Every structure is written in C-alpha cells, then in structure tokens.
Amino acid sequence: MNAIECAELGKRYRRGWALRNCTLSIPAGHVVALVGPNGAGKTTLLNLAVGLATATTGAVTVLDGTPAGSPDALDRIAFVAQDAPLYANLPVADMLHVARNLNRRWDQQRAQARLAELGIPPQKKVGQLSGGQKAQLALTVALARRPDLLVLDEPLAALDPLARHDFMRSVMATVAADGISVVLSSHVVAELERVARYLIVLSFGQVTVAGNVDDLVAAQGGGLEEIVLASMRDSGKEVPA
Amino acid sequence: MTATAVTAPTPRRTRRRPVSWTKLAWVSWRQHRAALTGAAALLGALGLYLLIFGLLGNHAYAKVASCHPAGSAVCQQLAHTFRADYWGGNGSALQSGGAQTISSLLLAVPVLLGVFLGAPVLARELETGTFRFAWTQGCGRVRWAMAKLTLLALVIAAATFAFTGLFTWYYHPFLVDGQVSRLLPLAFGLLGVAFAAWTLVAFAIAAFTGALLRRTLPAMAVSLIVWIVLAIGTATQLRPRYEAAIAAKGWNVGSGWVVGQWVTAPDGQALSQGTLNSLAQHAPASVQNSHAPDAFQNWLTQRHYTMWTAYQPDVRFWHFQLIEGGWLLALSAVLLAAAVWLVRRRAA
C-alpha cells in the first residue's frame, strides 16, 4: 500500500521547473521524511500530493490510486502547510468550529481532549498563541479530521527545540495509536533520525535517494545525516550549512 | 494504481455526501461577521437619518399637498419653503445638506460596501496563506469559494434592496413634487433595483480582482476605480441609449431626463455650437442684455430657428431599471463565476 505515488511527475512555475521527472512510491503506515535543501522541490511535491497544485507533467496519486486533489483524497488527507496557516483573528474554539464545518469527518472530542492536554485555552485568539502552540493547534485540527494520511510541510522549521520535541512526540503518539501514514518534509536532518522510517532525498527537483532508513544505514553505514550529505554531494552541490 | 485498487472500497470509506451548504454558510458568516456588522452599522446609521428626515419631510410635504387653492400665493410660498428646507437643506442646521446632498452622498454607498466586503473574501486568504488550510479541507476549494461568494452576495443584495425601500419613501415628496425626474442619475441609482445591483457588481468586481491580484488593498483600489469608470460610463453613455430618446420641439419638455439639446436653422440643418455662439454674439443688444432667461430663445424662434430637446420620459423608469438591473446581475454572476474559476485553477 502506498501513501503517495508519483510517475514522471513534473511541475513548472513561471520561474522554471520546481520538480522534474519525479517517480517514486512512498509506502503507507510509516513516518516518511522528505529531505533536501531549501528550494529542492519538497513543498512542490507535497503541494501536488495534497491537491494545492496541479502537475505540469506526469501524475500523482495518493492512498492507493486516488487522484490527488479529488474529493475522496481531500477527505482522507490532512495537510499542515509551512508555518501552520490558521485564521489568526479567530478564537481557538471558533477555529475548531470552522474546521469542523469544512469537513465531513470530524472528531470534536479528540480535538478538545488534545487542546486540554496541551493547555491551550479555547477562548484565546489563534494569533496570540506561541509558535509551538500554533503548530500543535494545526496538528490538532488535522488529527480531528481522522485522516488516513497526514502531510506536514516543514512542521519544525519555526519551532524552538523544546517545541520540536513536543511536536514530534505528538506525531509519533498518533502514528502509534492510529497507524496512519505521515509524510513530513524538512531541510534539517538531525531531528528526523529517531522518527523517520523511510527517507526520500530531493535535490534540485530530482529524487537522489529513496528507501527504508534501516536498509540505507545497513548498506552505506553511518547515520542518516551522512547518507543525506553523501547523496547531495553526489548530485554535485554542497548542502547549505 | 490498478482499476481494482481504485474501485475497491476500503472499510473506512463511506458513501460520499458533500459537506452541507449550511455548514459552509456558518463558516462564511463567522469569517466575515465583523465586515458584515460594519456594513450593517453603516446602512443602519444612514437608515436612521433617512427615517428621521423622511418623517419630517413627508409631514411637511403633506401640508404642501393639502394646501388649497394650489395656485394661491400662500401655497406657492409653502411649496417654495418646503423645497428650500428639505431639498436644498436651508431649513435647519441639523439637516445640513438636504435631500439633494444626501442623495449624492448615497451614490457612493454601493461601491464602499461592495469593495469593503468583496476584496478581502479571497485576497485575504491568498495574502495570509490561509488558503493552504482552506483549500485542503474535505469540502474542496470550489464548494468553499461558491459558498462564501454566494452567501455574501445574497446578504448584500438583500440588505441594499431593503435600504432602497426606505430611501424611496424618504425621497417620495421630491419625486411627486416634480423636483427631480426618477431617471436623473442622481435619483436613478438609488431607486428601484439599481442600488442593490450596483452594490452587487461592486462586490463581484472586488472579489474577482482580489482573486486575481492576491492582495486586499490593491484589489480595493483597482475595483474602486473600475466601478467608478463603469458607473460614470453607464450613466453618461449607456443608460441614455437603453431606448431611443424622444425628440421634441422646445427646451421645456414634460417630466423626464434630458439627454440632448440642439437648434436647427430654418432650412432644417442642425447648428454647431460655434455657429450658435456667433449667432448669440450677433443678436441685438436688447436681447443680449435682457434679464429674461428665454430672451435669446424667443429671438431665435422669431427668426424661424427651432429648438429641440431629446429626452427620456419618466414612464420609462421601470423599463430602464430592469435593463440595468439585468445586465448588472449578469455581469456580477460572470465575475463571481470567474473568481471561482480562478480559485479552482490557481496553483499554490
């Protein structure tokens, strides 16, 4: 079973190709890390998978053959974009209500329980939450939709180390409890080592590495970071520090 | 990826029933509550003004209308005072302006309401990035955009149409008094269906521009300009041509909207403005210096020139209202559909 499957997928914006000739299968039931330097095409690939963008060439399907962006795919995928965009002027409770009314599947009890656990007051405005709380709220909204696939675009980029730790712990707890698939992108490798089971390295719109973390480590030796760095050097470019 | 994989239902999948319009309507209401409240406050304040001065005006006009005999000096004086007070606004300090000024100011309300409500609907989501949230929810972006635009458009049209009812009552004395023709641009845009239709089209222009420019403030500025050009162009170029104007001899015609005046020579040729000016300069001193307003016209008539007036008679009011309301409604529908289409095809 595949969470995301791309065949010859390409996306060209006015400024040029953001992703080219990308063929890959991302297996379901894991936490999959999509890694690469800034501008490597990670966000483009995720946008294509969640239906925010349409492919220039090739095709992308999700959750075993469902076309990306179709009503069925939208129903079963929860997406948290970079910087967790939510309505800053709404109180947390109303933000939940908005999300509830935009979806067919919704687990209000789960959302409220999670907020209580996190200590996020429902009457506080979303715009007044800390970065960590906002990311957790976005995750809460996403999980209340009871998705089969959770897609997170750079979920850790704006968070301090403690918030990163808490956030990843929440994601891992969900995976353990629900067995859902998670695909998350990051340009920082270190924080993914303990959570990712499957690794995809994107570099300049091309897939350079794709495989099971355990298999990759067994084959190449060293840690995740070395594997990523090696693959990026092979593609002819230095990794930005 | 095989056909069987697509059709084989997973246990968690149920028969698809789209997210209901009532749920989406609640979202639209919650997100635009503040703007709608602001619009309601503006219409409410203006409505209160119209209510107070409508009561005073209708009361004062009742005295004018019941004055007998109508031609007497007392009645003439009463009618004159009524016009000066309530049309010109000379009467009280409170009523600074009077109906003439108020109706001119009200002509700006449709564009203010429409642009203020319409521009942020899609542009705000695009500029703050929240569209990445909204467009990846289960309802889908097309349904989401349709729900938002339709609900707001209906609320705006209904509210402004109700406001027209109040304004018509307030304005009634000046219309029956013959002070203004209902077809004059000053009155036409505030009566019938025009006020609601011009608000709706302002909303549609702003919503579409917002989706196109992806920025709220530039969308407001651009749609403001577009609306003003459209409104002025319609009043000066388009509206006078909804029906062929009636040409009548003389410069004083019945109640109606004068759309053109000219003079023909005894041979039937129309005079250019330059010829008319030189005629005026060559008129005898007694005519040129006369204080009577129609001295020059009388002089022209004596010399077998003919004065003509093209006008749209008042009875065509509803016909014109329906033509204008019709094409504005169609234009609004096209613009809103185009905005939904932009949402549909816009890539992140």
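All of these numbers come straight from a predicted model, not from anything done at the bench. (Residues numbered from 1 in each chain as written. Chains lettered and ligands numbered in written order. Predicted model: local features only at pLDDT ≥ 70, side-chain atom pairs only at ≥ 80, totals over all residues.)

Notes on the overall build of chain A
No. 1: Along the backbone of chain A there are eight helices and 10 strands.
No. 2: For chain A, the C-alpha radius of gyration of 18 Å lies close to 18 Å, the compact-globule estimate for 241 residues.
No. 3: By the burial criterion, 49% of the 241 residues in chain A qualify as buried.
No. 4: Counted over contacts in chain A with a minimum sequence separation of 6, partners at least 24 positions apart contribute 71%. (Helix = DSSP H or I, 4+ residues; strand = E, 2+ residues; numbered from the N terminus. Rg over C-alpha atoms; globule rule 2.2 N^0.38 Å. Buried ≥ 20, exposed ≤ 12 C-beta atoms within 10 Å, placed from the backbone. Contact = placed C-beta atoms within 7 Å.)

Observations concerning the interface of chain B and chain A
No. 1: Across the contact, 27 residues belong to chain B and 30 residues belong to chain A.
No. 2: Elements with a minimum of two residues in the side of chain B that touches chain A: helix 1 (3-7), helix 2 (21-65) and helix 6 (131-134) of chain B.
No. 3: For the side of chain B that touches chain A, the leading source of residues is helix 2 of chain B, giving six residues.
No. 4: Residues that form the side of chain B that touches chain A fall into these classes: 13 nonpolar, eight polar and six charged. (Nonpolar A, V, L, I, M, F, W, Y, C, P; charged D, E, K, R; others polar.)

Side note on the sheet that holds strand 4 (residues 57-62) of chain A
Residue and element names in this part refer to chain A.
No. 1: Read from one edge of the open sheet, four strands run 2-1-4-5, paired in antiparallel fashion. Each edge of the open sheet is held by one strand with a lone partner, namely strand 2 (16-27) and strand 5 (66-67).
No. 2: Here strand 1 (residues 2-13) runs beside strand 4; their pairing, made up of five bridges, is antiparallel. The residue of strand 4 that forms the bridge with cysteine 6 is valine 60. (Pairing = 2+ DSSP bridges.)

What to know about the domain arrangement of chain B
No. 1: What the domain assignment reports for chain B is domain 1 (21-243 + 317-345) and domain 2 (246-314).
No. 2: Here the residues of the side of domain 1 of chain B that touches domain 2 of chain B sort into four nonpolar, two polar and two charged. (Domains from an automatic or database assignment.)

What to know about the sheet that holds strand 1 (residues 246-249) of chain B
All names here are of chain B.
No. 1: Spatial ordering of the open sheet is given by 1-3-2, a layout of three strands whose pairing is antiparallel. Strands at the two margins of the open sheet, each flanked by one partner only, are strand 1 and strand 2 (256-264). Direction aside, neighbouring strands of the sheet carry axes that sit 30° apart on average.
No. 2: In this sheet, strand 3 (residues 306-313) lies alongside strand 1 in antiparallel orientation, the contact comprising four bridges. (Axes fitted to C-alpha atoms, helices over the stretch in contact; angles between N-to-C directions.)

Some details on the nonpolar core
No. 1: Counting residues in each nonpolar core, the largest one holds 159 residues, and the members touching the most others are Val32(A), Leu199(A), Ala207(B) and Ala339(B).
No. 2: For this core, the element with the highest residue contribution is helix 9 (residues 194-213) of chain B, accounting for 16 residues.
No. 3: Contacts of Ala207(B), omitting those with residues within four sequence positions, involve Gly118(B), Val121(B), Leu122(B), Leu149(B), Leu336(B) and Ala339(B). (Core = buried A, V, L, I, M, F, W, Y, C linked by C-beta atoms within 7 Å.)

Concerning the packing of helix 5 (residues 109-128) of chain B against helix 9 of chain B
Residues and elements named next belong to chain B.
No. 1: Running from amino to carboxyl end, helix 5 crosses helix 9 at an angle of 30°, the nearest separation of the two axes being 7 Å. With respect to each other, helix 5 and helix 9 are oriented roughly parallel. When you trace helix 5 past helix 9, the crossing you get is right-handed. Here Pro110, Val111, Leu113, Gly114, Val115, Leu117, Gly118, Ala119, Pro120, Val121, Leu122 and Ala123 of helix 5 lie close against helix 9, whose contacting residues are Phe195, Trp198, Thr199, Ala202, Phe203, Ala204, Ala206, Ala207, Thr209, Gly210, Ala211 and Leu213.
No. 2: By residue class, the composition of the contact of helix 5 with helix 9 is 19 nonpolar, five polar and no charged. (Parallel < 35°, antiparallel > 145°, perpendicular 65-115°, else oblique. Left-handed = near helix turned anticlockwise from the far one by under 90°.)

Points about the confidence of the model for chain B
Any segment with low pLDDT has predicted coordinates that should not be analysed in fine detail.
Residue and element names in this part refer to chain B.
No. 1: In this model, chain B carries an average pLDDT of 88, and 92% of its residues clear a pLDDT of 70 or more.
No. 2: When mean pLDDT is taken per element in chain B, helix 9 scores highest with 98 and helix 1 scores lowest with 42.
No. 3: For the stretch residues 1-11, pLDDT sits under 50, and the model shows six contacts to residues farther than four places along the chain or on other chains.
No. 4: With a pTM of 0.90, the predicted complex shows an ipTM of 0.92. (pLDDT = per-residue confidence, 0-100.)

Some thoughts on the pairing of strand 8 (residues 181-186) of chain A
All names here are of chain A.
No. 1: For strand 8, the buried fraction is high: six of the six residues fall into the buried class.
No. 2: Side-chain alternation along strand 8 places Ser181, Val183 and Ser185 on one buried face and Val182, Leu184 and Ser186 on a second face that is also buried.
No. 3: In this sheet, strand 8 lies alongside strand 3 (residues 31-35) in parallel orientation, the contact comprising five bridges. Its bridge partner lying in strand 8, valine 31 is registered against valine 182.
No. 4: Examined bridge by bridge, strand 7 (residues 149-152) and strand 8 share four bridges and lie parallel to one another. Within strand 8, the position partnered with leucine 152 by the bridge is leucine 184.
No. 5: Note on the crossover from strand 7 through helix 6 (residues 161-178) to strand 8: the handedness is right-handed. (Right-handed = clockwise from strand over helix to strand, strands pointing away.)

Considering unusual backbone geometry
No. 1: In the segment running from His68(B) into Pro69(B), the intervening peptide bond is cis, with an omega of -15°.
No. 2: The phi torsion at Ala84(A) lies on the positive side, around 45°, for a residue other than glycine.
No. 3: In this structure, Ala84(A) sits in the loop between strand 6 (77-80) and helix 3 (92-101).
No. 4: When the 26 C-beta atoms within 10 Å are taken as the criterion, Ala84(A) is described as buried.
No. 5: Non-glycine residue Arg214(B) carries a positive phi angle of around 65°.
No. 6: Tracing the chain through its elements places Arg214(B) in the loop between helix 9 and helix 10 (216-238).
No. 7: Owing to 18 C-beta atoms within 10 Å, Arg214(B) belongs among the partly exposed residues under this scheme.

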